[in-house]
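Fold and geometry: a report
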Amino acid sequence: MGNELVQLTLANCAPPAVIPATAETHPAAGLVPETALRQAPRVATPGKLQTFYIETFGCQMNVHDSEKVQGLLLARGMTPVEDHAQADLVLYNTCSIREKAAQKVFSRLGAFRKQNNGRRKVIGVLGCVAQQEGERFFERAPQVSLVCGSASYSKLPGLLDQLEAGNRRVSGLSLDTDECFETEVTRRDNPFRAYLTIIEGCDQRCSFCVVPMTRGPQRSRPSDKILDEARRLADEGYSEIQLLGQIVNAWQDPSPTRAGFVELLSRVAEIPGIRRVRFTTSHPRFFGPDIVQAIDSHPALCDQIHLPVQSGSSAVLARMLRGYTREEYLERIASIRKARRAISISTDIIVGFCGETREDFEQTLSLMREVEYDQVFSFKYSRRPNTPAEASGDALDEEEKGRRLAELQELQRQIQLRRNQALLGQDFEVLVEGYQPRLGQAVGRSTTNRVINFPGRLDDVGHYLTVKVTGAGPNSLLGVRL
Ligand code: 5AD
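Summarised in this report is the structure supplied together with it. Keep in mind the model is a prediction, meaning the values are calculated, not measured.

Section: the site of the ligand
- All residues adjacent to the ligand are I97, R98, F208, Q310, D348, I350, F379, K380, Y381, S382 and R384.
- In the environment of the ligand, an oxygen atom lies 2.9 Å from a nitrogen or oxygen atom belonging to the side chain of R98.
- A distance of 3.0 Å separates a nitrogen atom of the ligand from a polar backbone atom of F208.
- Calculation on the ligand without its partners gives an accessible area of 400 Å², and the protein chains cover 91% of this total.
- Put simply, the parts of the chain that give the shell around the ligand at least two residues each are β15 (344-351) and β16 (375-380).
- Residues of the shell around the ligand, tallied by class, amount to 5 nonpolar, 2 polar and 4 charged.

As structure tokens, this is what we get:
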């Protein structure tokens, strides 16, 4: 799911994440000066790496990968620190979905200080930019000693051993894998909602998207491992599980049962103690009415579906290689609207894809009016390396993309406001996720993923409460506890 339009109300009072996030960015973001490239980096054996700091950019998959990497590092006896200056090992888990996201790591590296109390600090780059740049990273940023893509995270302990033994540069970049990243320990940062990976990588070739090149081939995790982990999470007190995958609904059990996604959903939903199950991201191509039927028959399956459409124009969808037309997408929506429960629907939309005409864009707006999404994550098209659309050029200038994006977002703001106002007076069960002492307000989420603020207390956090909606804005609701 896109991450640009996070609900501010919730982000402001979410429980503190253990993975520290710094706000500083270096103004001279980008490439390392050429002089630095010519000087061989000084080598000093870092010795035992004792402390670490991870900064994560991008999607929930990255957030959860960082949680698993933290688990690996803790199992190695390392200690997390709040400040990157204090860390022997600094890891950046990167995102390359759009150019702006990919630049962030170079901005951080520009601000990097080589020394750490007289010892060499080890800098590592993980994730999609690591995979995309590969060993070129060492030339672009000589201070980097470790480059590792997500398909190679199980090799991280060995790579760190090599660094401790004095190796200057180590990498894990193979995409040739049929395995998922399994860890004994995962250090989860949200005390209520646990992410749980069920499928990794992507075999689609959407023409705009870099993910198949950065996350490797699609591979499903065996159901017994998923169910064991889900049961363990329930035992640890988690009541909400979010199943993750680039294309979560393409999951198929690799073990002989060959069970499909809907069966897995039902089995996770039946685990005692699990009250809410969400899943993201679904691809319309693999979205059948059986998913809606499963939601109807299992109260624990949340009334929420994220179904990225990307464009409302069949011509653009064909050029994007999405594998469905506007009409086929709308059939999926119709099946969701037939559910017994009112399921909220969110989507991702790209504006200004190569050759998008004003008429194409109008079709996206008309689709939005027709579907009336509860939330839309919208992005300007960003040309990405090695994607099928890379060579098609970038027909629209940034200003026109910006105008279309603003128009789309204004339409969606009105739709959301209208939809939220229609909820006035209704009652919702919320899981309370945060508390703002300054305002005396608690904040929770409904099963439809709506954010509701209401007068509350710190010890409401972590509880399920019923709240009546008394006010509505485009992005969140106000309520009172019943
Ligand atoms: N440019 C802009 N947006 C993109 N997305 C994926 N690739 C690109 C790109 N090259 C968006 C899609 C996807 C979301 C996670 O990011 O909408 O669903």
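That was the structure; now back to the text.
Some points on the sheet that holds strand β7 (residues 144-148)
- Taken together, 6 strands build an open sheet; the order of strands is β2-β1-β3-β6-β7-β8 and the sheet is parallel. Every interior strand has two partners, whereas the edge strands, β2 (79-80) and β8 (170-172), have only one.
- Here strand β1 (residues 51-56) runs beside strand β3 (residues 89-94); their pairing, made up of 5 bridges, is parallel. Looking at β3, one finds that T56 is bridged to N93.
- The sheet contacts of helix α7 (residues 156-164) involve β3, β6 (122-126), β7 and β8, and relative to β7 the element is tilted by about 165 degrees.

Describing the pairing of strand β18 (residues 441-446)
- With respect to burial, β18 is a largely interior element, 6 of its 6 residues being buried.
- Residue alternation in β18 divides its side chains into two sets, Q441, V443 and R445 and A442, G444 and S446, and both sets are buried.
- Once strand β17 (residues 427-436) ends, the chain turns through 4 residues before running back antiparallel as β18, passing G440 with a positive phi of about 65 degrees.

Notes on the packing of aromatic side chains
- Inspection of every chain in the model, using the stated rule, returns 6 aromatic pairs.
- A centroid spacing of 6.3 Å and a plane angle of 80 degrees characterise the contact between F208 and F353, whose relative ring orientation is edge-to-face. In this pair, F208 sits in the loop between β10 (199-200) and α8 (211-215) while F353 sits in the loop between β15 and α14 (358-371), placing the two residues 145 residues apart along the sequence.
- Since its relative accessible area comes to 2%, F353 is described here as buried.
- A ring pair is formed by F353 and Y381, whose centres lie 4.9 Å apart and whose planes are at 80 degrees; its orientation type is edge-to-face. Separated by 28 residues along the polypeptide, F353 in the loop between β15 and α14 and Y381 in the loop between β16 and α15 (398-421) bring together distant segments of the chain.
- By relative accessible area, which is 3% here, Y381 ends up buried.
- An aromatic cluster is built from F208, F353 and Y381, whose rings are joined through pairwise contacts.
- Between the NZ or CZ atom of R98 and the centre of the ring of F379, over which it lies, the distance is 3.8 Å.
- Cation over ring: R275 sits above Y464, and NZ or CZ is 3.8 Å from the ring centre.

Rules used in this analysis
Residues numbered from 1 in each chain as written. Predicted model: local features only at pLDDT ≥ 70, side-chain atom pairs only at ≥ 80, totals over all residues. Heavy atoms only, no water. Near = heavy atom within 4 Å. Polar contact = N/O pair within 3.5 Å; in protein donor to acceptor, adjacent residues only side chain to side chain. Areas by Shrake-Rupley, 256 points an atom, 1.4 Å probe, with all protein chains shown as cover. Helix = DSSP H or I, 4+ residues; strand = E, 2+ residues; numbered from the N terminus. Nonpolar A, V, L, I, M, F, W, Y, C, P; charged D, E, K, R; others polar. Pairing = 2+ DSSP bridges. Contact = heavy atoms within 4.5 Å. Axes fitted to C-alpha atoms, helices over the stretch in contact; angles between N-to-C directions. Buried < 20%, exposed > 50% of the residue type's maximum accessible area, 1.4 Å probe, protein only. Phe/Tyr/Trp six-rings, centres within 6.5 Å; stacked < 30°, edge-to-face > 60°. Lys NZ or Arg CZ within 6 Å of the ring centre and 35° of its normal.

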